[in-house]
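Survey of secondary and tertiary structure
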Amino acid sequence: MSVPDYMQCAEDHQTLLVVVQPVGIVSEENFFRIYKRISSVSQISVRDSQRVLYIRYRHHYPPENNEWGDFQTHRKVVGLITITDCFSAKDWPQTFEKFHVQKEIYGSTLYDSRLFVFGLQGEITEQPRTDVAFYPNYEDCEAVEKRIEDFIESLFIVLESKRLDRATDKSGDKIPLLCVPFEKKDFVGLDTDSRHYKKRCQGRMRKHVGDLCLQAGMLQDSLVHYHMSVELLRSVNDFLWLGAALEGLCSASVICHYPGGTGGKTGARRFQGSSLPAEAANRHRPGALTTNGINPDTSAEIGRAKNCLSPEDIIDKYKEAISYYSKYKNAGVIELEACVKAVRVLAIQKRSMDASEFLQNAVYINLRQLSEEEKIQRYSILSELYELIGFHRKSAFFKRVAAMQCVAPSISEPGWRACYKLLLETLPGYSLSLDPKDFSREKKDVTQSLENYTCKCPGTMELLTLPGGPTLPPVPFTKLPIVRRVKLLNLPASLRPQKMKSLLGQNVSTKSPFIYSPIIAHNRGEERNKKIDFQWVQGDVCEVQLMVYNPMPFELRVENMGLLTSGVDFESLPAALSLPAESGLYPVTLVGVPQTTGMITVNGYHTTVFGVFSDCLLDNLPGVKTSGSTVEVIPALPRLQISTSLPRSAHSLQPSSGDEISTNVSVQLYNGEAQQLVIQLENIGTEPLETLEVTSRLLTTKEKLYGDFLSWNLEETLAQFPLQPGKVATFVVNIKVKLDFSCQENLLQDLSDDGISVSGFPLCSPFRQVVRPRVESKPVNAPEGGKPGDPSHMKTLEAILNFKYSGGPGHAEGYYRNLSLGLHVEAEPSVFFTRVTTLPATSTRQCHLLLDIFNSTEHELTVSARGNEELILHAGECQRMAIQVDKFSFESFPESPGEKGQLANPKQLEEERQEARGLEIDSKLDVHWRIPSLKRTGEASVEGLLSQLVLEHLQLAPLQWDVLVDGQPCDCEAAACRVGDPVRLEVRLTNQSPRSVGPFALTVAPFQDHQNGVHNYDLHDAVSFVGSSTFYLDAVQPSGQSACLGALLFLYTGDFFLHIHFHQDSASKELPPSWFCLPSVHVRALDAQA
């Protein structure tokens, strides 16, 4: 659909569209004479019914618009009336054939048609026909209106039959899918048996039935169907038809609320559908066609007034419908017409601002390439609609655009007369007049004369006493310039005084004993003199803003403009300004400095204009708006100014709390790097700075921080206090970026693509430790998106440092000031731990921690740990570092405060324990990185990277087993003995678990390792036990010890190993296998002669 109808209104949805057109050659005068009589029959009451049928006539209607008839039935041409001249019988067949050709244009949608023939007489006219009416001439045709009424009744019969046919639920019949023209190609091949498709069909058909009910005069039934359609279509996201259902719902509600219509047409329409009598509703039952009409299918229970939208909901639904139309470029005309309809409704509701939003949307709706005539029509209609809602200036603007379009260069014959006519109509909207009386030519001459007089005798505000005795009061120039608003401004955020919380309630007014009093005197004087809820400070520059404008047709120079105050000694700093001719509202700021404390009232202002001094009091200016003119002046406070060692940031922090930040600084650090921020605190005020409190707040970030991001020592700075005016103190803040060092998802993909094994990721997943063969370390060619400066790898941290300071007389009264410093830190990745695993060491109390470290910078980097040599990593290289660490006794960690609470969250307790363990391990490892070329260094933390399995490997077992050979611990090195000498063997158990364990039975089995994978346990001739080879340990209490003794005798020299294993009894089965980790025992038997 490409041709919009700018005259559309909401009530048109209930009309039947009838096209009246000429056939053959018919004079324009005769055609419109009959057309006017036909269109006068615009509504008829249905016989034997309370319903009214409305008809909309058009003498031209584009056939492509008719294709949208299923979408909105009021767009469907259901009736065709043709008018023709025929003066001879031989021309009749050709004329009738033309009538059939005309019907074929709208044949798919027509309910009925008529042909009115003028000028034909004879036998042909005497033949009874229902579709043809013959009249001898255009004057002798009294029965035209009666013929039209009969024609409309025939349309109603077809309409009602279609409504009954569509509204009746025929179980088993498949509901067809109604489509708009551009949708047909999109629904080819859809599954017609799906629930989604069936709901779409049902929703569209419900909407279609609602349209038919509305046209058939059944308003309440249409509301019910529209509501049901909205629910069905919303569930399947059928937005185009959902918008149509919402618009139909709006139209039906508008018809219910505004019986007089919204199109501005004369005469109120009679809407009976919303007020059916009970007895009429009872006799309306489903029926068939009768000679007296059709009994409508309705019920008093089917529709209630509750289904009708409220006036506010109507506009909301229009907005929703238009938003759905805007999703489809082919529905531009539908969207535009919906905006026009909504504007007409809002005009009746007198909601001009809301209506302007719909019109603004209509302006930017793109349609097809419009002709010059269509552009003129569009701008003219927009002008009329803006005039309708009271936007006279906007209306004049679009009317002027239409006027300029009349003489556009692309028009071969410019319409200068139409252009001139339209331009004349724009003058009232621009408040322009062609009447010479409205021009004040002499204003400039008068002011020049006044300036000449005041040069000789200045105009002052003194009383003038005449010789006869009368005294003339001074007359101030209150309208040169005109002041419309006076507003006292608060101090800048960094200078605003704040009251200590403990002192907030000391100055509460005791004027009334009631918490709230409804008796408030609303007079102008009290409104102006009311106290404002902020304070000014003694000795600080304070501001008052005036909104002024120059009504003169020439430039106005105002000199010596300042404030008139009372209550406090106030030093006003005069200003001079120059206002352009008829400037409109112009902001002017007047400043001054209060010299004492108390309540200050701004009474007005003084000016010097044309040499005349004027004191203008606010009480004498009736048109001035003010939110109050009295404010409290508190004692003086110091003023703090800060400067930092870091550059200013281009990023302005926007904290959610609404705090204003005076200064923003930025720094770029590598992950793990620390830097000092040196802040110079200068007292630029006149009072000493006595107290200072510093707090920090980290803005919301998705990144997890480890350790203190910001730290400082305030005592060194406070040692320089009190800070006298003009003095500077130094304050140092330590910035430390310590983010997660685990491998990122995008970098992990880059490493995997380059063949580097990262199978241990994610490192933080509990109970997961995958071991896979990994490729030898090699440089990784970092992709372009993976460079350190790339935003995808860069992390941003933002914090606010707040300085709360006070001093001088204001401090004694409990006031202080706040100054905020914004810190923007961009953290580049330094190194990543792509994998963390463990290997057992030779000692049971130690293990090897294996770290796969990836250098994500563009520089060569070294990594070192406590007790390890430096590991050199080139840019993009990944290598493994092995660190031997002593196992940790995590159970000995002190309880955190959260663990002692009875209501502590178990998950939170576990996280706290995990963090404590990670911090302990990280402090022992002391992993650092260094970039020699940049001379930058930092930490590399494993906090948060250790899986549950790795933590278990790093933890000392609760049962500590020690094996002593001849009294010497045998853990790492081999124990030496002599052949033939008995060797004392002691197995000692220390129970560090919270429970009692044991008893245990242990068997000692000596063997020799042949270094080829073969262990020889057949040593009966080489090793002999003195006593039994089985040892027994009694039960051991928590924190207790137990030991068992035995002896061996080595008969030959050599290296022997002792394998100690436990008997599988009930006591050992209850405990984890990791608790039975005994050290390996290596005994070297030497020759007795050696």
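Conventions and cut-offs
Residues numbered from 1 in each chain as written. Predicted model: local features only at pLDDT ≥ 70, side-chain atom pairs only at ≥ 80, totals over all residues. Heavy atoms only, no water. Helix = DSSP H or I, 4+ residues; strand = E, 2+ residues; numbered from the N terminus. Contact = heavy atoms within 4.5 Å. Areas by Shrake-Rupley, 256 points an atom, 1.4 Å probe, with all protein chains shown as cover. Pairing = 2+ DSSP bridges. Axes fitted to C-alpha atoms, helices over the stretch in contact; angles between N-to-C directions. Core = buried A, V, L, I, M, F, W, Y, C linked by side-chain atoms within 4.5 Å. Buried < 20%, exposed > 50% of the residue type's maximum accessible area, 1.4 Å probe, protein only. Phe/Tyr/Trp six-rings, centres within 6.5 Å; stacked < 30°, edge-to-face > 60°. Lys NZ or Arg CZ within 6 Å of the ring centre and 35° of its normal. pLDDT = per-residue confidence, 0-100. Parallel < 35°, antiparallel > 145°, perpendicular 65-115°, else oblique. Left-handed = near helix turned anticlockwise from the far one by under 90°. Nonpolar A, V, L, I, M, F, W, Y, C, P; charged D, E, K, R; others polar. Expected span 1.5 Å × (residues − 1).

When its secondary structure is counted, the protein shows 24 helices and 48 strands. For the protein, restricting intrachain contacts to residue pairs at least 6 apart in sequence, the fraction spanning at least 24 positions comes to 75%. For the protein, the accessible surface area stands at approximately 55,500 Å², while carbon and sulfur atoms represent 51% of it.

For the rest of this paragraph, the subject is the sheet that holds strand β27 (residues 710-712). Here four strands make up an open sheet; going across it, the order is β23-β25-β28-β27 and the pairing antiparallel. Two strands in the sheet have a free side with no partner beyond their single neighbour: β23 (640-644) and β27. Strand after strand, the sheet turns through a mean of 30° between neighbouring axes, direction not considered. Summarising the sheet, β27 and strand β28 (residues 728-736) pair through three bridges and their orientation is antiparallel. Bridging across to β28, W712 finds its partner in V733.

In this structure, F71, L240, I314, Y318 and F358 are the most contacted members of the largest nonpolar core, which totals 63 residues. At the level of secondary structure, the elements contributing two or more residues to this core comprise α6 (195-215), α7 (219-235), α8 (239-257), α10 (311-325), α11 (332-349), α12 (352-363) and α13 (372-388). Look past the residues within four positions of Y318 in its chain and what remains in contact with it is A10, E247, C250, S251, A338, K341, A342, V345 and F358. In this structure, V486, V544, M561 and V624 belong to the second largest nonpolar core, which totals 40 residues.

On inspection of all chains with the given rule, the structure shows 25 aromatic pairs. Centre to centre, the rings of W68 and F182 are 6.1 Å apart; their planes meet at 40°, and the pair counts as tilted. Residue W68 is found in the loop between α2 (63-66) and β4 (77-85), and its partner F182 is found in the loop between α5 (144-167) and α6; the two are separated by 114 residues along the sequence. Note on F741 and F833: the rings are 6.2 Å apart at their centroids and 55° apart in plane angle, and the pair reads as tilted. In this pair, F741 is assigned in the loop between β28 and α19 (745-753) and F833 in strand β31 (residues 831-840), connecting sequence segments 92 residues apart. The buried category is assigned to F741, whose relative accessible area is 0%. If you follow K704 out to its NZ or CZ, it ends over the ring of Y706, 5.4 Å from the centre. The positively charged end of K804 is found above the aromatic ring belonging to Y816, 4.4 Å away from the centroid.

Per-chain confidence: the protein averages 80 in pLDDT, with 83% of residues scoring 70 or above. Note on residues 519-525: pLDDT is under 50 here. Beyond four places in sequence and across chains, it has four contacts. Low confidence marks residues 892-903, where pLDDT is under 50. Its contacts with residues over four positions away, or in another chain, come to twelve contacts.

What follows deals with the sheet that holds strand β18 (residues 586-594). Within the open sheet, the five strands sit side by side as β16-β18-β14-β11-β21. Their pairing is mixed. Single-partner strands in this sheet number two, and they are β16 (570-573) and β21 (625-626). Examined bridge by bridge, strand β14 (residues 542-549) and β18 share seven bridges and lie antiparallel to one another. Its bridge partner lying in β18, V548 is registered against Y586.

Another point: the side chain of T73. Positionally, T73 belongs in the loop between α2 and β4. You can call T73 buried: its relative accessible area is 3%. Sequence-distant contacts of T73, that is, excluding residues within four places in its chain, are made with H208, D211, L212 and Q215.

Running from amino to carboxyl end, α6 crosses α8 at an angle of 25°, the nearest separation of the two axes being 10 Å. Here α8 runs roughly parallel to α6, going by the angle between their axes. Crossing hand, α6 versus α8: left-handed. Counted together, R204, K207 and L214 of α6 and W241, A244, A245, A252 and I255 of α8 form the full contact between these two elements. By residue class, the composition of the contact of α6 with α8 is six nonpolar, no polar and two charged.

With that settled, consider α8. Taking 1.5 Å of rise per residue, the 19 residues of α8 would be expected to cover 27 Å, and the 27 Å separating its terminal C-alpha atoms lies within 8% of that figure. With 16 of 19 residues buried, α8 lies mostly within the body of the structure.

This part is about unusual backbone geometry. Omega for the peptide link from L480 to P481 comes to -5°, which places this bond in the cis form. Turning to its location among the elements, P481 is positioned in the loop between β10 (471-472) and β11 (482-488). Cis geometry marks the peptide bond from F721 to P722, where omega comes out at -5°. When you line up the elements, P722 lands in the loop between α18 (714-718) and β28. Non-glycine residue K350 carries a positive phi angle of around 60°. With relative accessibility at 72%, the residue K350 sits in the exposed group.

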